Amino acid sequence: MEVIKYAVVGTGRGKVFMSPPEYTGMKLTAVCDLNPDKLIIVKYRFDKDDSIQLFTDYDEMLAKADIDAVILANYFNEHAEFAIKALKAGKHVLSECTAMGTIGEGVALCRAVEESGKIYMIAENYPFTKARMEMKHLYESGELGELLYGEGEYAHAMNAPFDIAPGEYHWRNQIPSTYYCTHAIAPIMLITNTVPTRVNGFVPKIEDQSYRGNEVRLQDPGGIIVCEMDNGAVVRTMQGAFRATSMATRLHCTHGACEINRADGRLTVWHEGFNRGNNPKYRTYEPEWPEEYAEMAAKAGHGGGDFWVIHYFAEAIQKNEQPWLNVYRACAMSAVGILAWKSVVNGGAAYDVPKFDDEEDRKKYENDFWTPFRKEGESDEGMPPRTASPWKPTEEAYAAAKAAWEASDYLGLGWKKSGFAEELALAKAKFEKN
Ligand SMILES: NC(=O)c1ccc[n+]([C@@H]2O[C@H](COP(=O)([O-])OP(=O)(O)OC[C@H]3O[C@@H](n4cnc5c(N)ncnc54)[C@H](O)[C@@H]3O)[C@@H](O)[C@H]2O)c1
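Description of the structure in this document.

Rules used throughout
- Residues numbered from 1 in each chain as written.
- Predicted model: local features only at pLDDT ≥ 70, side-chain atom pairs only at ≥ 80, totals over all residues.
- Helix = DSSP H or I, 4+ residues; strand = E, 2+ residues; numbered from the N terminus.
- Rg over C-alpha atoms; globule rule 2.2 N^0.38 Å.
- Near = placed C-beta within 6 Å.
- Nonpolar A, V, L, I, M, F, W, Y, C, P; charged D, E, K, R; others polar.
- Expected span 1.5 Å × (residues − 1).
- Contact = placed C-beta atoms within 7 Å.
- Axes fitted to C-alpha atoms, helices over the stretch in contact; angles between N-to-C directions.
- Parallel < 35°, antiparallel > 145°, perpendicular 65-115°, else oblique.
- Left-handed = near helix turned anticlockwise from the far one by under 90°.
- Pairing = 2+ DSSP bridges.
- Buried ≥ 20, exposed ≤ 12 C-beta atoms within 10 Å, placed from the backbone.

Let's shift gears to the overall build of the chain. When you go through the chain residue by residue, the secondary structure sums to 13 helices and 15 strands. Scaling as 2.2 N^0.38, a compact globule of 434 residues should have a C-alpha radius of gyration of about 22 Å, and the chain matches this with 22 Å. Considered along the principal axes of its C-alpha atoms, the chain spans approximately 75 × 55 × 45 Å.

Dropping the structure here:
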């Protein structure tokens, strides 16, 4: 087994990837973040033998660090540019969701993977919960037949605290409500081995200023996407906040149906008399992890998904075979959120998902850099809207948010909460003495 030296970019979500299981061969040797305080703290937490190099400049890290692979956990809509640079520098890439901020970047990303011959995987963890892996097993056994209709949900209700999203232009404060769609669509793609081909988007256009109070997240309450899949099935996904968390997956197939129970995460499978065979009408059960990995998966975040992402990425590099969550599927699932927003903006029109593995088809999209994300200070003129409802944060809300961001030095994700100054002092004492 090869040792795979790798870097993590971004130290929020990125921390999840900093202590991989030993059997994978993964060894963290570099970390990159814009903020040097975060860097030295993660070194203090994760570096057992003083082997992790720290960088505030990504290009410098690619040029100088001793690494075979890069794990991208930087800002949501900026992954493609970073991935392409890494591939061009001969590194394998594991990219957090989403794969790209625009369709044109997706085309460039696919080409870069093909030209580099390196492994690319999207770090989509939601297909790998116990219940969804069991759904895959069940689907592959043939008991359910073929997918007709599916529902995938990733509604994450958050009374968005300021410190998770520091800055008016932070991606979490301006992400349209269809964009965070991969957690909802990827499980259905993996379970049924289908790919979305056409997309419509919808949002409830409700002004709820009274509920939102001093929130500054510029986003509609939630997004609904209807996809046609390449087998002809229809899938409906739900993403955004929607004021009540909901992360179920449901499949209706030619020979039966199954769904994750909203309240307890167990799986219910059911059939009708005419397509039941020897199966009971209803059964509800708690699936098991594969025995060999049960302990590690049970301890990992996001229902075990965080373990499997590293497992499959390392396996792909060790075997030198692209993973199931390859660049084409990564771009297709990411395109769903972009095209659904275009659909919302254009009155519900349907858009084709490019065939990302087909140069002739994807060439049509190579210059499509449509995006509603603004850069700091960029004017709204000529830009697509970020919300469908006319709701806007109040001036008072922005003032309160600004005060909170300044007080936490714009660190984000709860970094400044407890013990930050103490840990920083300990880390500096340990590593800055030379
Ligand atoms: N799969 C999951 O369950 C899951 C969960 C949370 C977040 N995420 C994804 O992970 C990514 C990061 O999320 P987050 O919550 O940590 O976001 P965040 O905005 O809190 O953190 C991003 C980090 O990247 C750093 N960064 C940004 N640009 C950089 C650059 N040019 N060079 C070096 N560092 C840079 C920032 O300083 C920051 O520390 C997002 O794409 C998000 O969608 C996935």
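Before going further, it helps to spend a moment on the site of the ligand. Surveying the vicinity of the ligand reveals 22 residues, the closest of which are Gly10, Gly12, Arg13, Phe76 and Glu96. A class-by-class count of the residues in the shell around the ligand yields 10 nonpolar, 8 polar and 4 charged.

This brings us to helix α5 (residues 130-141). Between its first and last C-alpha, α5 extends 17 Å over 12 residues, near the 16 Å set by a 1.5 Å rise per residue. Packed against the buried residues of α5 are α6 (182-192), β11 (249-253), β12 (256-260) and β13 (267-270). Directly beyond the C-terminal end of α5, a positive phi value near 90° is found at glycine 142.

A few words now on the packing of α5 against α6. Contact geometry for α5 and α6: axes closest at 8 Å, N-to-C directions at 30°. Our classification of the angle between α5 and α6 gives roughly parallel. Crossing hand, α5 versus α6: right-handed. Contacts from Arg132, Met135, Lys136 and Tyr139 of α5 reach α6 at Pro187, Leu190, Ile191 and Thr192.

Bringing the sheet that holds strand β7 (residues 147-155) into the picture now. Two pairing modes exist for strands in a sheet, parallel and antiparallel, and in both the strands are linked by backbone hydrogen bonds. Strands sit in the order β14-β13-β12-β11-β7-β10-β9-β8-β15 across an open sheet of 9 strands; the sheet is mixed. Of all strands in the sheet, those bounded by a partner on one side alone are β14 (282-285) and β15 (351-352). Where β13 and β14 come together, 4 bridges link them in antiparallel fashion. The partner of threonine 268 across the bridge, within β14, is threonine 284. Of the strands in this sheet, β7, β8 (196-202), β9 (222-229), β10 (234-240) and β11 touch α6, which is tilted by about 145° from β7.

Our focus in this paragraph is the sheet that holds strand β3 (residues 53-55). Read from one edge of the open sheet, 6 strands run β3-β2-β1-β4-β5-β6, paired in parallel fashion. With partners counted over all chains shown, the strands left at the sheet margins are β3 and β6 (120-122), one partner each. On average, adjacent strands in this sheet sit at an angle of 25° to one another, irrespective of strand direction. Two strands pair when backbone bridges link them, and strand β4 (residues 69-72) and strand β5 (residues 92-95) are joined in this way by 4 bridges, in the parallel orientation. Bridged to isoleucine 71 within β5 is leucine 94.

Turning to helix α4 (residues 103-116), a few remarks are in order. Owing to its 3.6 residues per turn, the α-helix aligns residues three or four sequence positions apart on the same side. Here α4 spans 20 Å end to end across 14 residues, near enough to the 20 Å set by a 1.5 Å rise per residue. Listing the buried residues of α4 in full gives Ile103, Glu105, Gly106, Val107, Leu109, Cys110, Ala112 and Val113. Elements in contact with the buried residues of α4: α3 (79-88), β6, α10 (327-345) and α11 (359-362). Of the residues one or two after α4, glycine 117 is the one with positive phi, at around 70°.

Time to look at the packing of α6 against α10. For the pair α6 and α10, interaxial distance at closest approach is 9 Å and the crossing angle is 135°. Relative to α10, the element α6 lies oblique. Viewed along their axes, α6 and α10 form a crossing whose handedness is right-handed. For the pair α6 and α10, the contacting residues are Thr182, Ile185, Ala186 and Met189 in the first and Arg329, Met333, Ser334 and Val336 in the second. Partitioned by chemical class, the residues of the contact of α6 with α10 number 5 nonpolar, 2 polar and 1 charged.

This brings us to the pairing of β7. Taken together, the 5 bridges between β7 and β11 define a ladder with antiparallel strand orientation. The residue bridging glutamate 151 from the neighbouring strand is arginine 250, located in β11. The pairing of β7 with β10 spans 7 bridges and is parallel. Across the sheet, alanine 155 pairs through a bridge with glycine 240, a residue of β10.

So, about the pairing of β9. As paired strands, β8 and β9 are joined by 6 bridges and run antiparallel to one another. In the sheet register, arginine 198 faces β9, and the bridge partner there is glutamate 228. Pairing geometry for β9 and β10, over 7 bridges, is antiparallel. Bridge pairing in β10 links isoleucine 225 to threonine 237. Counted between consecutive antiparallel strands, the loop separating β9 from β10 contains 4 residues, among which glycine 232 sits at a positive phi close to 100°.

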